[in-house]
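# Report on the structure
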Amino acid sequence: MTLAIDGARLVYRLEALGEAGRDDAGRLTRLAGSDADKAGRDLLCDWMSAAGLRIEIDRIGNIHGLWVPEGAQGDPVVMGSHIDTVIDAGVYDGCLGVLAGLAVIEALQAGGAGPARPLAVVAYTNEEGVRYAPDMMGSLVAAGGMTAEEALATVGTDGTTLGEELARIGYAGDREPGFITPHAYVELHVEQGPVLEAEGLGLGVVESLQGISWQRVTIGGTANHAGTTPMALRRDAGVAAARVMCFLDRMAREMEGAVATVGTIELVPGAINVIPAAARFTVDLRNPDEARLTAQEAALGGLLDELRSEGFEVATERLARFEPVLFDPEIVARIEAAAQGRQLAHRRMTSGAGHDAQMIARVAPSAMIFVPSRGGISHNPAEFTAEADLVAGANVLLDVAWSLSR
Ligand code: HGY
Ligand code: MN
Ligand code: MN
């Protein structure tokens, strides 16, 4: 019996979910705990209910859709990802993995399949970490890497608290995070990078995921008059921040596997004719190799010490730190076999982006499936994956989940 997912319905739902949470500038910005997040969550729950799934929400707001057919026993096979987004996002990041998981369960139901195990599809809270750090927070709590209390108490970039926002939007669930231990976890996700497209491949078999280091840096200088203050007498926090940004960019270009990003920066007081008294910015460092990621952090620390010796105040705040992850070889092999079975051109690869799978891998055998991103673009409204690739990836997810649940 060759099962297949309903591709047209998957694409329709991706587009419909992509409309839930657009801001008044028409940008898709579904930050964790926001009204936009509620709109997406409500839509997903409607679809899960229509599929007859039992919906369970845990204290950190992770949404679980459970299918427990007659006779199915034991820990479920879990498929998942996230539906929260970055600012001005595309419609595929995270949403594909959740909606494909739902499509897989619906295909098994429609095909009269009788799995020996239950299956579940999960949307994890706050994977992006844009409003509340760290990222992958819901799955981190589910994997026991952070307590629910700590996560719920997290204060966001806008001064709100995650727990209060989840309660406000009606998704402060009552189940204990981790109430489900997956028998296995498989996540379908758009690659968000250029590799598959560049090599003309339709599918990525993801066997590892790089390490991530997030910090917030605050540099204190001295506000002064932009016109009257000689250059030699300045303590310009803005220039100090710019030196850090250029240093990180050069270091990442010279170090194997390294990437470095300063994605947010704020100058205080932020006036055209005032030398900045302070600069607050975030640093995102990544590397597949833990020793090199530690070296990147040490090099940043060395520069910050140099700035201190020049008279700047420098403070750092750790926002996230996750070591590189190797996924489960047996699940990886099943994904590879399913891709071969569907004659899909594929390759093994690592993930440059963080994903919920890297957290769930702490408690269950896990791996990921990638499909190509056009132009390697993501975290951008131009994010796009061709329908044929979306459906092929979802059918590989179906084959793997079905093989794991028999
Ligand atoms: O930051 C990441 O890699 C993920 O998109 N949260
Ligand atoms: Mn994602
Ligand atoms: Mn993302």
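Structure first, text after, so check above.
Residues numbered from 1 in each chain as written. Chains lettered and ligands numbered in written order. Predicted model: local features only at pLDDT ≥ 70, side-chain atom pairs only at ≥ 80, totals over all residues. Heavy atoms only, no water.

## Concerning the overall build of the chain
On a plain count of helices and strands, the chain comes out with 12 helices and 16 strands. Relative to the 2.2 N^0.38 estimate, which gives 22 Å for 406 residues, the radius of gyration of the chain is 22 Å and therefore close to what a compact globule would have. In terms of its C-alpha atoms, the chain occupies a principal-axis envelope of roughly 80 × 45 × 35 Å. Burial statistics for the chain: of 406 residues in total, 56% are counted as buried. In the chain, the proportion of contacts linking residues at least 24 apart, taken out of those at least 6 apart, comes to 79%. On the chain, roughly 16000 Å² of surface is accessible, and the fraction owed to carbon and sulfur atoms is 53%. When the 32 positive and 55 negative side-chain charges of the chain are each reduced to one mean point, those points stand 1 Å apart. (Helix = DSSP H or I, 4+ residues; strand = E, 2+ residues; numbered from the N terminus. Rg over C-alpha atoms; globule rule 2.2 N^0.38 Å. Buried < 20%, exposed > 50% of the residue type's maximum accessible area, 1.4 Å probe, protein only. Contact = heavy atoms within 4.5 Å. Areas by Shrake-Rupley, 256 points an atom, 1.4 Å probe, with all protein chains shown as cover. Lys, Arg positive; Asp, Glu negative; His and termini not counted. Charge placed at Lys NZ, Arg CZ, Asp CG, Glu CD.)

## Brief notes about the environment of Thr 261
Relative to the assigned elements, Thr 261 resides in strand E9 (residues 259–261). In sequence terms Thr 261 and Gly 193 are 68 residues apart; their C-alpha atoms lie 15 Å from each other.

## A look at the packing of aromatic side chains
Going through the model one piece at a time under the given rule, you end up with two aromatic pairs. Ring geometry for Tyr 92 against Phe 384: centres 6.2 Å apart, planes inclined by 90°, an arrangement best described as edge-to-face. Separated by 292 residues along the polypeptide, Tyr 92 in the loop between strand E3 (77–81) and helix H3 (95–110) and Phe 384 in the loop between strand E16 (366–371) and helix H12 (387–405) bring together distant segments of the chain. (Phe/Tyr/Trp six-rings, centres within 6.5 Å; stacked < 30°, edge-to-face > 60°.)

## Things to note about empty space enclosed by the protein
With the rule as written, the count across this model stands at one cavity of 30 Å³ or more. In this model, the largest cavity occupies a volume close to 40 Å³. Lining the largest cavity, in full, are Asp 37, Arg 41, Ile 63, Ile 83, Asp 84, Ala 123, Tyr 124, Thr 125 and Asn 126. The class makeup of the residues in the lining of the largest cavity is four nonpolar, two polar and three charged. (1 Å grid on protein atoms, 1.4 Å probe; cavity = no way out; pocket = protein on both sides within 12 Å on 5 of 7 lines; lining within 4 Å. Points joined across faces, edges and corners; volume = space filled by probe spheres on them. Nonpolar A, V, L, I, M, F, W, Y, C, P; charged D, E, K, R; others polar.)

## Focus: the coordination of the manganese ion (ligand 3)
Donor atoms from the polypeptide that bind the manganese ion (ligand 3) are Asp 93 (OD), Glu 128 (OE), Glu 128 (OE) and His 379 (NE2), placed at 2.1 to 2.7 Å. Spacing between the donor residues of the manganese ion (ligand 3) along the chain follows D-x34-E-x250-H. Between the manganese ion (ligand 3) and the manganese ion (ligand 2), the interatomic distance is 3.4 Å, and Asp 93 donates to each metal, bridging them. Here Glu 128 lies in the loop between strand E4 (119–123) and helix H4 (137–142) and Asp 93 lies in the loop between E3 and H3, a separation of 35 residues in the sequence. For the pair shown, Asp 93 and Glu 128 are each scored as buried. (Donors = N, O, S within 2.8 Å, 3.2 Å for Na, K, Ca; no water.)

## Observations regarding the site of ligand 1
Neighbouring ligand 1 are Glu 127, Glu 128, Asp 135, Met 136, Trp 214, Arg 286, Ala 353, Gly 354 and His 379. A distance of 2.6 Å separates an oxygen atom of ligand 1 from a polar atom in the side chain of Arg 286. Taking His 379, its side chain carries an N or O atom lying 3.4 Å from an oxygen atom of ligand 1. Relative to its unbound accessible surface of 210 Å², ligand 1 loses 95% to contact with the protein. Per-class residue counts for the shell around ligand 1 are three nonpolar, two polar and four charged. (Near = heavy atom within 4 Å. Polar contact = N/O pair within 3.5 Å; in protein donor to acceptor, adjacent residues only side chain to side chain.)

## Quick look at the coordination of the manganese ion (ligand 2)
Within the protein, the manganese ion (ligand 2) binds to His 82 (NE2), Asp 93 (OD) and His 189 (NE2); these donor distances fall in the range 2.1 to 2.3 Å. By relative accessible area, His 82 is classed as buried at 0%. Here Asp 93 falls in the buried class, since its relative accessible area comes to 6%.

## A word on the side chain of Gln 358
Structurally, the position occupied by Gln 358 is in helix H11 (residues 356–360). Other than its neighbours up to four places away in sequence, Gln 358 contacts Met 136, Leu 209, Ile 212, Phe 322, Val 325 and Phe 327.

## Concerning the packing of helix H2 (residues 35–50) against H3
Between H2 and H3, the shortest axis-to-axis distance is 10 Å and the interhelical angle comes to 10°. Our classification of the angle between H2 and H3 gives roughly parallel. The two elements H2 and H3 meet at a crossing, and its hand is left-handed. Taking contact as the criterion, the partners of Leu 44, Trp 47 and Met 48 in H2 are, on H3, Val 98, Leu 99 and Leu 102. Residue composition of the contact of H2 with H3, by class: six nonpolar, no polar and no charged. (Axes fitted to C-alpha atoms, helices over the stretch in contact; angles between N-to-C directions. Parallel < 35°, antiparallel > 145°, perpendicular 65-115°, else oblique. Left-handed = near helix turned anticlockwise from the far one by under 90°.)

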